[in-house]
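As a plain string of letters, each chain reads:
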Amino acid sequence: TTTTTTTATTSTTSTMSDHCEEQQMEAEALTAIFDTAFTIVKEEQPFEWIVKLVPIDTGDDDDEKDDPENQNHVMINLKITLPSQYPELDLPVLDIEILKGLSLENKEELLQMAQDEAQNNEGMPSIYSICEVLREWLCDNNVKGLDDASMHAQMMRKQKEKERSKQRAAQEFESQKKEEDVSQAELEEMEVRKRRAEGTPCTADNFRAWKLQFDAEMMERQQQQKLQEEQTITKKQEKLLAKKQVDKSGRLTGYAQFSDKVMGLSIEEMEQAAEHAQVDEDEYDDEEDVDNLEDLDEDLFDVDDDLDDLDSSDEDDLEDDEEEEEIDI
């Protein structure tokens, strides 16, 4: 029993430690978002925080603060106390402190809005979403006189509230209509994808219907193809007939063009003229050769004199040789 109790205590301590760490991480995030508007009142569990909320965050810019359009006519503090089991098991404890321009009725309305938002985000960190809901309300109601408790002011506020309610209702209706349209489109798309994935089951009836349609389409395609072929053949035949029907009676044949008198001459006359030209050329060559022979020097053909000169010179050479031999002796 002691061991079981110790184990349970250890588990509870570990769970509380996890929750504490998660709450500290949420505090760091809120500090980064809201900066000086976020204050840690108590740094031990249960943690206590305060978030100052205004419609328009002007920061430290004095010019924006002086601008009439950037004036904050309403202002609140959101006070938060975190139970040890937040956010997993418990909801935050919330309270509203009015700083400027709001009435007690406004405070109750804001507190109810904050609690509803915390309930919607049960099981997860919800402080930031609660602050955003409250700040949005402050932006919509950033006017003077909300803290006026007179009957006239209350009537004016109720009238403005009705107008805002109508606007919100219209916006919600439009957004819902768009969602329905999108949902319908998504459903149709899903149905198409489903049909594509599953396909159409094949039965005897739908196959028979498909076969009849397919045969009819093929028959029609064959008829069209046959008709096109017949039209093509007809066109070719018409072209051939047109070529055959051309009148060629007045045209000259190739033989007629070269055998009949063309340009004033015939083939026989052209052949005779070529023969006469050859004969004249031969005669001219013979006469020219004869004339060239007559021009030759006759002294070139006086062979006897040349031979006599050769003989006398040889005899002289022999006599000279004999005389030299005698002298040697």
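Each chain has its residues counted from 1, running along the sequence as written. Residues qualify for local features only when their pLDDT is at least 70, as the model is predicted, and side-chain atom pairs are given and counted only at 80 or more; totals for whole chains, interfaces and linings, by contrast, use all residues. Just so you know, side-chain values use all the structure's heavy atoms and leave hydrogens and water out.

## Remarks on the overall build of the protein
So, step 1. Counting its regular elements, the protein contains 9 helices and 4 strands.
So, step 2. Counting all 329 residues of the protein, 18% fall into the buried class.
So, step 3. Long-range contacts, defined as pairs at least 24 residues apart, comprise 54% of the intrachain contacts of the protein with a sequence gap of at least 6.
So, step 4. When the accessible area of the protein is evaluated, it comes to approximately 26500 Å², of which 51% is carbon and sulfur surface. Only DSSP runs of H or I with at least four residues qualify as helices, and only runs of E with at least two residues qualify as strands; both kinds are numbered from the N terminus onward. Only protein chains enter the area calculation, which uses a 1.4 Å probe; residues under 20% of their type maximum are buried, those over 50% are exposed, and those in between are partly exposed. In this description, contact between two residues means that some pair of their heavy atoms is separated by no more than 4.5 Å. Reported accessibility uses the Shrake-Rupley method at a 1.4 Å probe radius. Residues are deemed covered only where the shown protein chains occlude them.

## Structural notes on helix 3 (residues 104-120)
So, step 1. Taking 1.5 Å of rise per residue, 17 residues should cover 24 Å, and helix 3 covers 25 Å from first to last C-alpha, within 8% of that figure.
So, step 2. Residues Asn106, Leu110, Leu111, Ala114, Glu117 and Ala118 constitute the buried set of helix 3. The arc that holds the buried residues of helix 3, viewed along the axis, is 135°, so those residues lie on one side. Opposite the packed face of helix 3, turned more than 90 degrees from it, sit the exposed residues Leu104, Glu105, Glu108 and Asn120. The span expected for a helix works out to 1.5 Å for each residue beyond the first. By arc we mean the arc of the directions from the helix axis to the C-beta atoms, nothing more.

## Describing the pairing of strand 1 (residues 38-42)
So, step 1. Pairing analysis gives 4 bridges linking strand 1 to strand 2 (residues 48-53), with the strands arranged antiparallel. Each bridged residue has a counterpart across the sheet, and for Thr39 the counterpart in strand 2 is Ile50.
So, step 2. At least two DSSP bridges between two strands are needed for those strands to be called paired. In textbook terms, the turn of a hairpin is the stretch between consecutive antiparallel strands, and for strand 1 and strand 2 this stretch comprises 5 residues.

## What about the packing of aromatic side chains?
So, step 1. Aromatic pairs are defined between Phe, Tyr and Trp rings, using the six-membered ring for Trp, whenever the two ring centres lie within 6.5 Å; interplanar angles under 30 degrees are classed as stacked, those over 60 as edge-to-face, and all others as tilted. Per the counting criterion, the structure on display carries 4 aromatic pairs.
So, step 2. For the pair Phe38 and Trp49, a centre-to-centre distance of 5.5 Å together with 70° between the ring planes defines the contact as edge-to-face. Of this pair, Phe38 sits in strand 1 while Trp49 sits in strand 2, and the two are 11 residues apart along the sequence. Assigned by exposure class, Phe38 and Trp49 land together as buried.
So, step 3. One aromatic cluster is present, formed by Phe207, Trp210 and Phe214 through successive ring pairs.

## Brief notes about the sheet that holds strand 1
So, step 1. The strand order across the open sheet built from 4 strands is 1-2-3-4, with neighbouring strands paired in antiparallel fashion. One side of each edge strand has no neighbouring strand; the edge strands of this open sheet are strand 1 and strand 4 (93-100). The mean inter-strand angle of the sheet, taken between neighbouring strand axes irrespective of direction, is 20°.
So, step 2. Strands in contact with helix 4 (residues 127-140) are strand 2, strand 3 (75-81) and strand 4; relative to strand 3, the strand with the most contacts, it is inclined by about 160°. Convention adopted: a line fitted to C-alpha atoms gives each axis, helices being fitted over their contacting stretch, and angles between N-to-C directions are expressed from 0 to 180 degrees.

## Section: a negative patch on the surface
So, step 1. On the surface, Asp18, Glu21, Glu22 and Glu88 cluster together to form a negatively charged patch.
So, step 2. Relative to the assigned elements, Asp18 resides in helix 1 (residues 2-34). Within this analysis, patches are made of residues with over 30% relative accessible area and no salt bridge. Like charges are joined at 9 Å or less; nonpolar side chains (Val, Leu, Ile, Met, Phe, Trp, Tyr) at 5 Å or less. A carboxyl oxygen of Asp or Glu within 4 Å of a side-chain nitrogen of Lys or Arg is what we treat as a salt bridge. Positive charge is attributed to Lys and Arg, negative charge to Asp and Glu, and no charge count is given to His or to the chain ends. Charged side chains are reduced to one point each, which is NZ for Lys, CZ for Arg, CG for Asp and CD for Glu.

## A look at helix 4
So, step 1. A rise of 1.5 Å per residue sets the reference length of helix 4, with its 14 residues, at 20 Å; its end C-alpha atoms lie 20 Å apart and thus fit the reference within 8%.
So, step 2. When we look at burial in helix 4, the residues that qualify are Ile127, Ser129, Ile130, Cys131, Leu134, Trp137 and Leu138.

## Some words on the nonpolar core
So, step 1. Nine residue types can take part in a nonpolar core, namely buried Ala, Val, Leu, Ile, Met, Phe, Trp, Tyr and Cys, and a core is a set of them joined through side-chain atoms within 4.5 Å. Within the largest apolar cluster, 29 residues are counted, with the highest numbers of intra-cluster contacts made by Trp49, Leu53, Leu78 and Leu134.
So, step 2. The leading source of residues in this core is helix 4, at 6 residues.
So, step 3. Excluding residues within four positions of it along the chain, Leu78 makes contact with Trp49, Ile50, Val51, Leu53, Leu94, Asp95, Ile96, Ile130, Cys131 and Leu134.

Honestly, that's just the spatial picture; any functional story needs more than this.
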